[in-house]
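Listed below are the residues making up each chain.
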Amino acid sequence: MRPAQLLRVLDREFLSTAEGHHTPVMLWGPPGVGKSQIVARIAERHHAPVIDIRLSQMEPSDLRGIPFRDGERVEWAIPAMLPDTQRHGPAGILFLDEITSAPPSVSAAAYQLILDRRLGEYRVPQHWAIFAAGNRQGDRGVTYSMPAPLANRFSHFELDVNLDDWVAWAYANAIDERVIAFLRFRPELLFDFDPAHNPVAFPSPRSWEFAHRGLRKFEDQPDLLQGALQACVGPAAGIELTAFVNSLEQMPDLDAIVRGETVSVPREIDLQYAVAAALVGRAIRAQSDANGPETISHILRYAGRFPQREMGVMLVSDLQRAVGNRLFEVPAFAEWAQIVSDVMLYE
């Protein structure tokens, strides 16, 4: 399931705790695809706390608690990390990360917590959702086969990587537009993980965020830039990204484009991707300006001039995902749509 769809699923599951319909959710996927980040986004959307428990680092007693004598009886001390209404709030997310890396003795201790929402005398507060995540067997991680009794306590979703969803996230989080443009140019490198080769650094949605940071830190030090990018996304992808960034010296004048001046579209495909990504970034930053609609109008007119119409469609699609339906209110959008319609009908 693509990330945008899974966000909707987890959002509904979080809200369903109030109605008593919540089912614990298990997220499957290879390393670096953003499983933990999706859970964090749900919590941020609802201003709810997340209690992140890494089961791979636990002993069974860490969940069940430690026994102590109370008169003639033995009681269990409830672990402070478990959700508590007074300490943590009335609603939130209990996130059991790395659950497939937990030894069987630990996962067995979690059975009652996941299905019955209790451990002994402890009960998970009603408005707390339970989500879990783990890598699949064969992903070169430390994983155990999930026991059938534990698996049967979850609804299961496998997270797929999706470039459009990642690009929308990247614009929303101010990821360097050169990285976005490069992945539009080389979409197969968004996630390129071959467990048979046991790579240390490899392209993934997580590591491209690292590449963004590396680019910002080392772009003024050419002798270090390529090595820094390779350290994030692997040798081959790091070389390609460095070459792509260096080629952008031939970029057209973006300021002139957003001012509405006539600027030619570059012939090179990689530069066209770079221009498209950069213009979407300009439009996002112009939203709060008084001349924002005018800037977007100029960008839309430029999008209609790409010799390959698909490039303009990609630009406008990314722009709509970034700024929303207000794009349709700009008069130039109708002009651009007419251009695309003519091409689709007659070419």
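Let me begin by describing the structure that accompanies this report. (Residues numbered from 1 in each chain as written. Predicted model: local features only at pLDDT ≥ 70, side-chain atom pairs only at ≥ 80, totals over all residues. Heavy atoms only, no water.)

What follows deals with the overall build of the protein chain. Of the regular secondary structure elements, the protein chain holds 17 helices and nine strands. Residue burial in the protein chain is summarised as follows: out of 347 residues, 48% are buried. Within the protein chain, contacts between residues at least 6 apart in sequence are counted, and of these 70% link residues at least 24 apart. Surface accessibility of the protein chain: about 17,500 Å² in total, with carbon and sulfur atoms responsible for 50%. Averaging the coordinates of the 33 positive side-chain charges in the protein chain and doing the same for the 44 negative ones gives two points 4 Å apart. (Helix = DSSP H or I, 4+ residues; strand = E, 2+ residues; numbered from the N terminus. Buried < 20%, exposed > 50% of the residue type's maximum accessible area, 1.4 Å probe, protein only. Contact = heavy atoms within 4.5 Å. Areas by Shrake-Rupley, 256 points an atom, 1.4 Å probe, with all protein chains shown as cover. Lys, Arg positive; Asp, Glu negative; His and termini not counted. Charge placed at Lys NZ, Arg CZ, Asp CG, Glu CD.)

Tallied over the entire structure, the rule returns 19 salt bridges. A salt bridge links Arg-184 to Asp-318, with the nearest nitrogen and oxygen atoms 2.4 Å apart. Of the two residues, Arg-184 sits in helix α9 (residues 177-185) while Asp-318 sits in helix α16 (residues 309-323), which places them 134 residues apart along the sequence. A residue is classified by how much of its surface remains accessible, and Asp-318, at 3% relative accessible area, is buried. What emerges from the salt-bridge pattern is a single network uniting Asp-52, Arg-54, Asp-97 and Glu-98. (Salt bridge = Lys/Arg side-chain N within 4 Å of Asp/Glu carboxyl O.)

In this section: the sheet that holds strand β8 (residues 127-134). Sheets are built from strands paired through backbone hydrogen bonds, the pairs being either parallel or antiparallel. One open sheet holds the five strands; their spatial order is β2-β5-β8-β1-β9, and the pairing between them is parallel. Edge strands, defined here as strands with exactly one partner in the open sheet, are β2 (50-54) and β9 (155-158). Strand-to-strand twist across the sheet, computed as the mean angle between neighbouring axes with direction ignored, equals 20 degrees. Of the pairings in the sheet, the one linking strand β1 (residues 25-28) to β8 comprises four bridges and is parallel in character. Within the sheet, the bridge partner assigned to Val-25 lies in β8 and is Phe-131. Helix α2 (residues 35-45) rests against β1, β2, β5 (91-97) and β8 of the sheet, and its axis sits at about 175 degrees to β5. (Pairing = 2+ DSSP bridges. Axes fitted to C-alpha atoms, helices over the stretch in contact; angles between N-to-C directions.)

Here helix α14 (residues 269-286) spans 26 Å end to end across 18 residues, near enough to the 26 Å set by a 1.5 Å rise per residue. Judged by how many residues are buried, α14 sits mostly within the fold: 14 of 18 residues are covered. (Expected span 1.5 Å × (residues − 1).)

Residues Val-25 and Leu-27 of β1 are buried on one face, and the alternating residues Met-26 and Trp-28, pointing to the opposite face, are buried as well. Two strands pair when backbone bridges link them, and β1 and β9 are joined in this way by four bridges, in the parallel orientation. By the bridge assignment for β9, Met-26 is matched with His-156.

The next point concerns the layout of surface pockets. There is about 510 Å³ of room inside the largest pocket. Lining of the largest pocket is provided by 29 residues; of these, Gln-37, Arg-41, Asp-165, Trp-166 and Trp-169 occupy positions nearest its centre. At the level of secondary structure, the elements contributing two or more residues to the lining of the largest pocket comprise α1 (3-15), α2, α8 (163-172), α10 (205-218) and α16. Looking at the lining of the largest pocket element by element, the count peaks at six residues for α8. Each residue belonging to the lining of the largest pocket can be placed in one class, and the counts come to 15 nonpolar, six polar and eight charged. If you count residues domain by domain, the lining of the largest pocket takes at least three from each of domain 1 (3-158) and domain 2 (163-342). Lining the second largest pocket are 14 residues; nearest its centre among them are Lys-35, Asp-97, Glu-98, Asn-135 and Arg-206. Those elements that provide at least two residues to the lining of the second largest pocket are α2 and β8. Among the residues forming the lining of the second largest pocket, the class breakdown is two nonpolar, seven polar and five charged. (1 Å grid on protein atoms, 1.4 Å probe; cavity = no way out; pocket = protein on both sides within 12 Å on 5 of 7 lines; lining within 4 Å. Points joined across faces, edges and corners; volume = space filled by probe spheres on them. Nonpolar A, V, L, I, M, F, W, Y, C, P; charged D, E, K, R; others polar. Domains from an automatic or database assignment.)

By themselves, these figures tell us nothing about what the structure is for.
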